[in-house]
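Chains, contacts and geometry: an overview
Read off the chains here:
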Amino acid sequence: MSLYRFQPEGMLQNKAENREALSSQAQLERAMREGRILEATALLCDSEMRLHVDLGCMRGYIAREECVWCRPGEQIKDIAVLTRVGKPVCFQIIGFDTENGERVAILSRRAAQALCAAHFFEQLRAGDILPARVTHLEPYGAFVDVGCGISSLLSIDCISVSRIAHPRDRLCAGMPLYVAIKYIDRDLMRIFVTLKELLGTWTENAARFRAGETVTGRVRSVESYGVFVELAPNLAGLAELRTAGERVQVAAGDLAAVYIKSILPERMKVKLVIIDSYPAPETPEPPEYFIDTKTTRHLDYWEYSPACSGKLIETVFDA
């Protein structure tokens, strides 16, 4: 069984226990009695705004009012139903019916989401680590599914310590992640999450590099005083604008071969020289974590800055 009771949509569909539950009507009836959450693909949305779901052994449908769990004051939007077509949906089975002589299952995504939400707001606290999946990107951050399609905001300043211009610099829709809960607003029933605390401290990131090495980095910004080059998601260095008397020709987003002149822990600085640059692939790589995501479930405190530095950068997860 997974360490995590509730999974982002799409992560349960191919698991053996889910496939077994969809193998026959008898297994579906058992899943209904046990109140289990299952997943299958939504095939279409009909004129009555019902989602038709392929259960393998039979067809199921989710009525419009059962498609989405809503927070207080919210209403179901048609776009929230339509955009599930062709994608996995979670659900609980709430009954069976006969339609045009065919046995069909009556499903509720709302019930599955409500069960997940009740668990989250009753049991979870700041610092808890959850699996997530990126659903879409905005200039101010990424929205991630933290379980059963429940959305949470990962703001741009929480994606990494290194500054980025847009979440697409680091993430893409559909990317699986682990995130830590930054804050839970139980009144508004919203969860806010953070990623940077899972990507290592300054010391952990800097330990991978040595002065005198030439390595690959990504240009994050070009300023009047130098070029910021990211060596790792939580570590960036500053390169001179001129090399051997010639102005460096780079643009934000480029990959660059950089020579490491010095690493200064007390100042949290890495001095670089750009050797060459070239266009970067459009699709970002999944993040590399500095925690064991299979066993680490919670963080109370995270200190990014080295002990020798006069500047303190930390995260205190208040329960």
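That block above? That's the structure.
Quick look at the overall build of the chain
In terms of regular secondary structure, the chain is built from five helices and 19 strands. With respect to the three principal axes, the spread of C-alpha positions in the chain is 80 × 40 × 40 Å. Of the contacts formed within the chain by residues at least 6 apart in sequence, a portion of 64% connects residues at least 24 apart. Counting only carbon and sulfur atoms, one obtains 50% of the accessible surface of the chain, whose full area is about 16000 Å². Put simply, the chain has 38 plus and 42 minus side-chain charges, and the middle of one group is 2 Å from the middle of the other.

Re unusual backbone geometry
Negative phi characterises most residues that are not glycine, and trans characterises most peptide bonds. At Met-49, a position not held by glycine, the phi torsion is positive, near 60°. Within the fold, Met-49 resides in the loop between strand S1 (38-45) and strand S2 (51-54). At Met-268, a residue that is not glycine, the phi angle is positive and equals roughly 50°. For Met-268, the position within the fold is in the loop between strand S16 (255-264) and strand S17 (269-278). Among the residues examined, Met-268 registers a relative accessible area of 15% and is labelled buried.

Let's talk about the pattern of salt bridges
Taken as a whole and assessed by the stated rule, the structure comprises 17 salt bridges. Note that Glu-9 and Arg-84 form a salt bridge whose closest N and O atoms lie 3.2 Å from each other. Separated by 75 residues along the polypeptide, Glu-9 in the segment before helix H1 (16-21) and Arg-84 in the loop between helix H3 (78-82) and strand S4 (88-99) bring together distant segments of the chain. Of the two residues examined, Glu-9 and Arg-84, each falls in the buried class. Arg-50 is the partner of Glu-99 in a salt bridge, and the nearest nitrogen-oxygen pair spans 3.1 Å. Residue Glu-99 is found in strand S4, and its partner Arg-50 is found in the loop between S1 and S2; the two are separated by 49 residues along the sequence. Sharing partners across several salt bridges, the network here consists of Asp-46, Glu-48, Arg-50, Arg-59, Glu-99 and Glu-102.

Topic: the packing of aromatic side chains
This structure, assessed with the given rule, holds six aromatic pairs. The interplanar angle of 80° and the centroid separation of 6.3 Å between the aromatic rings of Phe-6 and Phe-120 together place this pair among those described as edge-to-face. Placement of the pair is Phe-6 in the segment before H1 and Phe-120 in helix H4 (residues 109-123), with a sequence separation of 114 residues. Here Trp-302 and Tyr-304 contribute two aromatic rings whose centre-to-centre distance is 5.7 Å and whose plane-to-plane angle is 45°, an arrangement assigned as tilted. Of the two residues examined, Trp-302 and Tyr-304, each falls in the buried class. The ring of Tyr-61 has Arg-50 sitting right over it, with the charged end atom 4.2 Å from the ring centre.

Quick notes on the pairing of strand S13 (residues 235-239)
By the alternation rule, side chains of S13 split into Leu-235, Gly-237 and Ala-239, which are all buried, and Ala-236 and Leu-238, of which none is buried. Bridge count between strand S12 (residues 226-232) and S13: five bridges; the pairing is antiparallel. Looking at S13, one finds that Phe-228 is bridged to Leu-238. From the end of S12 to the start of S13, which pair antiparallel, there are two residues.

Structural notes on H4
Look at H4: 21 Å from first C-alpha to last across 15 residues, which is about the 21 Å you get at 1.5 Å a residue. The set of residues buried in H4 consists of Arg-109, Ala-111, Ala-112, Gln-113, Cys-116, Ala-117, Phe-120 and Phe-121. Between the side-chain oxygen of the N-cap and the backbone nitrogen of Arg-110 there are 3.5 Å, and the N-cap of H4 in question is Ser-108.

Some thoughts on the layout of surface pockets
Its boundaries defined by the atoms lining it, the largest pocket holds a volume of some 1100 Å³. Taken together, 34 residues line the largest pocket, and the ones lying closest to its centre are Ala-80, Thr-135, His-136, Gly-149 and Ser-151. Estimated volume of the second largest pocket: approximately 910 Å³. Going through the elements one at a time, strand S11 (214-223), S13 and S17 are the ones with two or more residues in the lining of the second largest pocket. Residue contributions to the lining of the second largest pocket peak at four residues, all from S13.

Focus on the sheet that holds S2
Read once around its circumference, the closed barrel built from five strands follows the order S1-S2-S3-S5-S4, with strand pairing classed as mixed. Each strand of the sheet is rotated relative to its neighbour by a mean of 45°, with strand direction disregarded. Relative to S4, S1 runs antiparallel, the two being bridged by four bridges. Following the sheet pairing, Leu-38 is matched in S4 by Phe-91. Where helix H2 (residues 25-34) meets the sheet, its contacts fall on S1, S4 and strand S5 (102-108), and the angle it forms with S4 comes to roughly 110°. In the packing of H4 onto the sheet, contacts are made with strand S3 (59-62), S4 and S5, and the angle to S4 comes to roughly 135°.

Rules of the game
Residues numbered from 1 in each chain as written. Predicted model: local features only at pLDDT ≥ 70, side-chain atom pairs only at ≥ 80, totals over all residues. Heavy atoms only, no water. Helix = DSSP H or I, 4+ residues; strand = E, 2+ residues; numbered from the N terminus. Contact = heavy atoms within 4.5 Å. Areas by Shrake-Rupley, 256 points an atom, 1.4 Å probe, with all protein chains shown as cover. Lys, Arg positive; Asp, Glu negative; His and termini not counted. Charge placed at Lys NZ, Arg CZ, Asp CG, Glu CD. Buried < 20%, exposed > 50% of the residue type's maximum accessible area, 1.4 Å probe, protein only. Salt bridge = Lys/Arg side-chain N within 4 Å of Asp/Glu carboxyl O. Phe/Tyr/Trp six-rings, centres within 6.5 Å; stacked < 30°, edge-to-face > 60°. Lys NZ or Arg CZ within 6 Å of the ring centre and 35° of its normal. Pairing = 2+ DSSP bridges. Expected span 1.5 Å × (residues − 1). Polar contact = N/O pair within 3.5 Å; in protein donor to acceptor, adjacent residues only side chain to side chain. 1 Å grid on protein atoms, 1.4 Å probe; cavity = no way out; pocket = protein on both sides within 12 Å on 5 of 7 lines; lining within 4 Å. Points joined across faces, edges and corners; volume = space filled by probe spheres on them. Axes fitted to C-alpha atoms, helices over the stretch in contact; angles between N-to-C directions.

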